[in-house]
Amino acid sequence: MHFQSPRTFRMWRYGVGHSQLLLRALPENTESTDLDLHFEGVAAVQLGTRYVAPRLRLADRHERATLRTLAQTGAGPRHVAIAIESEAGTGLVLCRRVRVLRNVLGASGDTERSETLWSHPPGQFQDAPLTEAVWSELSGPVRAAIAQCDAERLELERSRVAQRLRPTITDAVYSVAHYVASWERLVRRLEPGREKSEDLYVISAYSNDLDSRDSLEQVMTALPAEAREGPLGRHLSALDVRFDAATVPDPERSLRPWVRPSKEKPESDLGEWWKRKPVREPWD
């Protein structure tokens, strides 16, 4: 993983509430484009205000430990630690995704369109090979139904950020594929015999993963029967079986002080995944 730009980027906007960080390189000379380093799902930062010809790389163990301390319990699933190296200083960001965007500007100076030049993680199916394989088997009608769900989710995510940032968000972060891949990653993380991953995983991330499973349940209900009965539904059922095998019933709700659903529901209405606990605790 490596990206380097000859331009100078400056801190442009950091929305703590929406976990969005934007570093921007304005047009130089007669150029009609600017460049953005757009960090999504930000859990921790250690940054300056200006980076000359920055180089992005994955953080080393020491840098990850620094971000771990800064994040405390704020990190979610699949966060990646990014280090920024520059003539003007260094920086660290713990986020779900970073993208380099080239924005084409109109006569008024507003963004007319954006294109992604580079991103990390490189794909939504990272560490979820079974989900990636299932996606290649989906029929046209199921793909269309999923695309409609993702389009609705994209509009919701855009509505939660400033107007100027909306053109830079071209794909829903919490897409249907994201939900399914996240569930596979959690199951793989929980299963006995697997070493703990090097990426940061705290107990609040487990709540987020269970919340994602709730969202996936709603999505599957909205999709056509072909999706529930075909490869996607069978894949989800198989993951649920593996989740059950890697967890045990928790009638005392021993995790409830730390692991709680984001939406208030009667205990009887919660999915079964909220009523179990891992045999092997995956959090750091």
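Structure: see above.
Computed from a predicted model, the values in this text were never measured in an experiment. (Residues numbered from 1 in each chain as written. Predicted model: local features only at pLDDT ≥ 70, side-chain atom pairs only at ≥ 80, totals over all residues. Heavy atoms only, no water.)

Trainee: Before we move on, could you go through the overall build of the chain and cite the residues and values that matter?
Mentor: Of regular secondary structure, the chain possesses seven helices and 13 strands. Computed over C-alpha atoms, the radius of gyration of the chain comes to 20 Å, within 12% of the 19 Å expected from 2.2 N^0.38 for 284 residues, which places it in the range of a compact globule. The C-alpha extent of the chain, read off along each of the three principal axes, is 65 × 45 × 35 Å. Every one of the 284 residues in the chain was classed for burial, and the buried ones make up 50%. Residue pairs in contact within the chain that sit at least 24 positions apart in sequence constitute 67% of those at least 6 positions apart. Surface accessibility of the chain: about 14000 Å² in total, with carbon and sulfur atoms responsible for 50%. Looking at the chain, you have 40 positive and 41 negative side-chain charges, and the mean spots of the two groups are 2 Å apart. (Helix = DSSP H or I, 4+ residues; strand = E, 2+ residues; numbered from the N terminus. Rg over C-alpha atoms; globule rule 2.2 N^0.38 Å. Buried < 20%, exposed > 50% of the residue type's maximum accessible area, 1.4 Å probe, protein only. Contact = heavy atoms within 4.5 Å. Areas by Shrake-Rupley, 256 points an atom, 1.4 Å probe, with all protein chains shown as cover. Lys, Arg positive; Asp, Glu negative; His and termini not counted. Charge placed at Lys NZ, Arg CZ, Asp CG, Glu CD.)

Trainee: Describe helix H4 (residues 176–190), with residues and values.
Mentor: Relative to the 21 Å expected for 15 residues at 1.5 Å per residue, H4 spans 22 Å between its end C-alpha atoms, a close match to the ideal helical length. The buried count for H4 comes to 14 of 15 residues, which makes it a mostly enclosed element. (Expected span 1.5 Å × (residues − 1).)

Trainee: Give a description of the sheet that holds strand E5 (residues 44–46) that names residues and reports values.
Mentor: Within the open sheet, the five strands sit side by side as E1-E7-E8-E9-E5. Their pairing is antiparallel. Each having just a single partner strand, strand E1 (3–4) and E5 make up the two edges of the open sheet. Of the strand pairs in this sheet, strand E7 (residues 55–58) and strand E8 (residues 80–86) are connected by four bridges, and their pairing is antiparallel. Counterpart to leucine 58 in the pairing with E8 is isoleucine 82. (Pairing = 2+ DSSP bridges.)

Trainee: Now, about the pattern of salt bridges: what can you tell me, with residues and values included?
Mentor: One pass over the full model with this rule turns up 17 salt bridges. Of the charged contacts, one joins aspartate 244 and arginine 276 as a salt bridge, the two residues approaching to 3.6 Å between their closest N and O atoms. Here the residue aspartate 244 occupies a position in helix H7 (residues 231–245), and arginine 276 occupies one in strand E13 (residues 276–278), the gap between them amounting to 32 residues. The partly exposed category is assigned to aspartate 244, whose relative accessible area is 37%. Connected through shared salt-bridge partners, Arg55, Arg57, Glu63 and Glu85 make up one network. (Salt bridge = Lys/Arg side-chain N within 4 Å of Asp/Glu carboxyl O.)

Trainee: Summarise the environment of serine 5; cite the residues concerned and give the values.
Mentor: Among the secondary structure elements, serine 5 is positioned in the loop between E1 and strand E2 (8–15). Along the sequence, serine 5 and leucine 270 sit 265 residues apart, while their C-alpha atoms lie 48 Å from each other. Other than its neighbours up to four places away in sequence, serine 5 contacts Leu35, Ala53 and Pro54. Within polar-contact distance, the side chain of serine 5 engages the backbone nitrogen of arginine 7 at 3.2 Å. (Polar contact = N/O pair within 3.5 Å; in protein donor to acceptor, adjacent residues only side chain to side chain.)

Trainee: Kindly report on the packing of helix H5 (residues 203–222) against H7, identifying the contributing residues and their values.
Mentor: Relative to each other, H5 and H7 sit at 145°, their axes nearing to 13 Å. At the point where H5 passes H7, the crossing takes the left-handed sense. Here H5 contributes Tyr206, Leu210, Arg213, Leu216 and Met220 to the contact with H7, which in turn contributes Leu232, Gly233, Leu236, Asp240 and Phe243. Looking at the contact of H5 with H7 residue by residue, the class counts come to seven nonpolar, one polar and two charged. (Axes fitted to C-alpha atoms, helices over the stretch in contact; angles between N-to-C directions. Left-handed = near helix turned anticlockwise from the far one by under 90°. Nonpolar A, V, L, I, M, F, W, Y, C, P; charged D, E, K, R; others polar.)

Trainee: Break down unusual backbone geometry for me, citing the residues and quoting the values.
Mentor: Here the phi dihedral of alanine 53 falls at roughly 45°; this positive angle occurs in a residue that is not glycine. Within the secondary structure, alanine 53 sits in the loop between strand E6 (50–52) and E7. With a phi angle near 55°, arginine 253 is a residue other than glycine that sits in the positive phi range. By the secondary structure assignment, arginine 253 is in the loop between strand E12 (247–249) and E13. The class for arginine 253 is partly exposed, based on a relative accessible area of 23%.

Trainee: With reference to specific residues and values, describe the packing of aromatic side chains.
Mentor: To describe a pair of aromatic rings, one takes the distance between the centres and the angle between the planes. A complete count under the given rule lists five aromatic pairs for this structure. Here phenylalanine 125 and tryptophan 135 contribute two aromatic rings whose centre-to-centre distance is 5.8 Å and whose plane-to-plane angle is 55°, an arrangement assigned as tilted. Of the two residues, phenylalanine 125 sits in the loop between strand E11 (111–120) and helix H2 (129–135) while tryptophan 135 sits in helix H2, which places them 10 residues apart along the sequence. Judged by its relative accessible area of 17%, phenylalanine 125 falls in the buried class. Given the relative accessible area of 12%, tryptophan 135 is considered buried. Among the aromatic side chains, those forming a connected cluster through ring pairs are Trp183, Phe243 and Trp273. (Phe/Tyr/Trp six-rings, centres within 6.5 Å; stacked < 30°, edge-to-face > 60°.)

Trainee: Explain the pairing of E7 to me, and be specific about the residues and the numbers.
Mentor: A regular strand carries its side chains on alternate faces of the sheet. Sheet topology note: the E1/E7 ladder contains two bridges and is antiparallel. By the bridge assignment for E7, glutamine 4 is matched with arginine 55.

Treat this as a map of the structure, not an account of what it does.
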